[in-house]
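The lines below spell out each chain.
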Amino acid sequence: MTAIPTLTPPLPASGHRFDAGRHWAASLDLAFAPRDGVTRMTRCRHLGPLRVQRPFHPEGRRGACHAYLLHPPGGLVSGDALTITARVARGAHALLTTPAANKLYRADSHGVAWRQHTRLEVAEQGVLEWLPQETLAFDGSRGEQCTTIALGETSRCLGWEVMALGRPASELPFQSGRIEQRFHLTRNGRPLWLERQPLDPRHPRFTGRWGQGGASVQATLWAVGLEDEAGAVEALREGLPSSPHWAVTVRHGVLLLRYLGAERNEAWQLCCRAWEILRPRLLDRPAHTPRIWLT
């Protein structure tokens, strides 16, 4: 008699994948517009774990609308895909920041990457300050950060990105993985600043003196809409601590401050001090520290 083969029932689908097809999306779509002389958050749509706590007006009715972007997981893992869009209407003024550092965790055993895309749009006579807290990239992290900024002819924008690679205090340097950063800034559709930067510890650029130079912390601050660009550069050179780790320049109407070094706190404090110097020149208002930074 022929034996009847035993069939093993298929395992129930778990809803998760463990290959390159893994994809956990989250998005946040914000809009700001003036209402009765006050900038209001007029749109807040989200998908997945991305939220806004609520808008604040700590500078008074005529000041910026402060909004804190919350990502409860606290970081990105393999397969995560975050999309953040913020639109500032004509005459509105928004300041966006985060309550804590963003973490980029080590990729899984399949090397699946994460993605974070941010699009910032500022209409004529609108103002946007993009001031997220720093990003911490763990060894082995793999992903892509893309920031797109679309400005009108009379828009003003000031922002920064601070990136710390590895965890030197725990003796866990960034020795593997790959992160690609892209910046696209346009005014009336004309490109002013386009940049692509791969961070790959296996590439000679990462340790070469002509490239990363082995630095574990980097920061970029930009400002667009300054009336006196040369005066702003001089004010930064006089008001910031003297150091070989930073430099400032202006290209095509974009002021760029760069930091390349090994101290996360130094990079953060440099950007904060530069903001304090530039904000009165850009907006005719003193810097007003978001209270979430003090908690």
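Our structure is the block above this text.
In this report, we go over the structure that sits alongside the text.

Parameters and conventions
Residues numbered from 1 in each chain as written. Predicted model: local features only at pLDDT ≥ 70, side-chain atom pairs only at ≥ 80, totals over all residues. Heavy atoms only, no water. Buried < 20%, exposed > 50% of the residue type's maximum accessible area, 1.4 Å probe, protein only. Helix = DSSP H or I, 4+ residues; strand = E, 2+ residues; numbered from the N terminus. Pairing = 2+ DSSP bridges. Core = buried A, V, L, I, M, F, W, Y, C linked by side-chain atoms within 4.5 Å. Contact = heavy atoms within 4.5 Å. Phe/Tyr/Trp six-rings, centres within 6.5 Å; stacked < 30°, edge-to-face > 60°. Lys NZ or Arg CZ within 6 Å of the ring centre and 35° of its normal. Polar contact = N/O pair within 3.5 Å; in protein donor to acceptor, adjacent residues only side chain to side chain. Disulfide = S-S within 2.5 Å.

Once that is clear, we can look at the pairing of strand 18 (residues 254–261). Judged by how many residues are buried, strand 18 sits mostly within the fold: six of eight residues are covered. Sheet topology places strand 16 (residues 217–224) next to strand 18; eight bridges connect them, and they run antiparallel. Bridge pairing links Gln-218 to Leu-260 in strand 18. With six bridges joining them, strand 17 (residues 246–251) and strand 18 adopt antiparallel strand pairing. Pairing of Thr-249 across the sheet is with Leu-256, part of strand 18.

With 41 residues, the main nonpolar core has Leu-96, Leu-165, Ile-179, Leu-185 and Trp-222 as its most contacted residues. Excluding its chain neighbours within four sequence positions, the residues that come into contact with Leu-185 are Ile-149, Leu-151, Arg-190, Pro-191, Leu-192, Trp-193, Leu-194, Trp-222, Val-224 and Val-254. Membership of the second largest hydrophobic core comes to 40 residues, among which are Ala-64, Ala-232, Trp-246 and Leu-283.

Our next topic: the packing of aromatic side chains. Geometry of an aromatic ring pair is reported as the spacing of the ring centres plus the angle between the planes. Within this structure, the stated rule accounts for 11 aromatic pairs. Arranged with centres 4.9 Å apart and planes meeting at 70 degrees, the rings of Tyr-105 and Phe-138 form a pair that is edge-to-face. Of the two residues, Tyr-105 sits in the loop between strand 8 (102–104) and strand 9 (114–122) while Phe-138 sits in the loop between strand 11 (135–137) and strand 12 (142–151), which places them 33 residues apart along the sequence. Residue classification places Phe-138 among the buried positions, given a relative accessible area of 14%. Clustering of aromatic rings is evident, with ring pairs tying together Trp-160, Trp-268, Trp-275 and Trp-293. The ring of Phe-138 carries Arg-167 above its face, with NZ or CZ at 4.1 Å from the centroid.

Moving on, we come to helix 2 (residues 229–239). When helix 2 is considered as a whole, its buried residues turn out to be Gly-231, Ala-232, Val-233, Ala-235 and Leu-236. Contacts from the buried residues of helix 2 go to strand 17, strand 18 and helix 3 (264–283). The N-cap residue of helix 2 is Asp-228: its side-chain oxygen and the backbone nitrogen of Gly-231 are 2.9 Å apart.

For the rest of this paragraph, the subject is the side chain of Asp-80. With respect to the element layout, Asp-80 can be found in strand 6 (residues 80–88). Residue classification places Asp-80 among the buried positions, given a relative accessible area of 11%. Not counting residues up to four positions away in its chain, the partners in contact with Asp-80 are Trp-24, Gly-75, Trp-114 and Arg-115.

As a further point, take the state of the cysteines. Enumeration over the complete set of coordinates arrives at zero disulfides. Among the cysteines around Cys-65, which has no disulfide bond, Cys-44 carries the closest sulfur, lying 11 Å off. Cys-271 supplies the cysteine sulfur nearest to Cys-157, a cysteine that is in no disulfide, at a spacing of 14 Å. Classification of Cys-157 by relative accessible area gives buried; the value is 0%.

Relative to the elements of secondary structure, Val-233 occurs in helix 2. Val-233 sits in the buried class, given a relative accessible area of 9%. With 51 residues separating them along the chain, Val-233 and Asp-284 place their C-alpha atoms 17 Å apart. Once you skip the residues sitting within four places of it in the chain, Val-233 turns out to touch Val-248, Val-250 and Leu-255.

It is worth stressing that arrangement in space is one thing and function is another; only the former is reported here.
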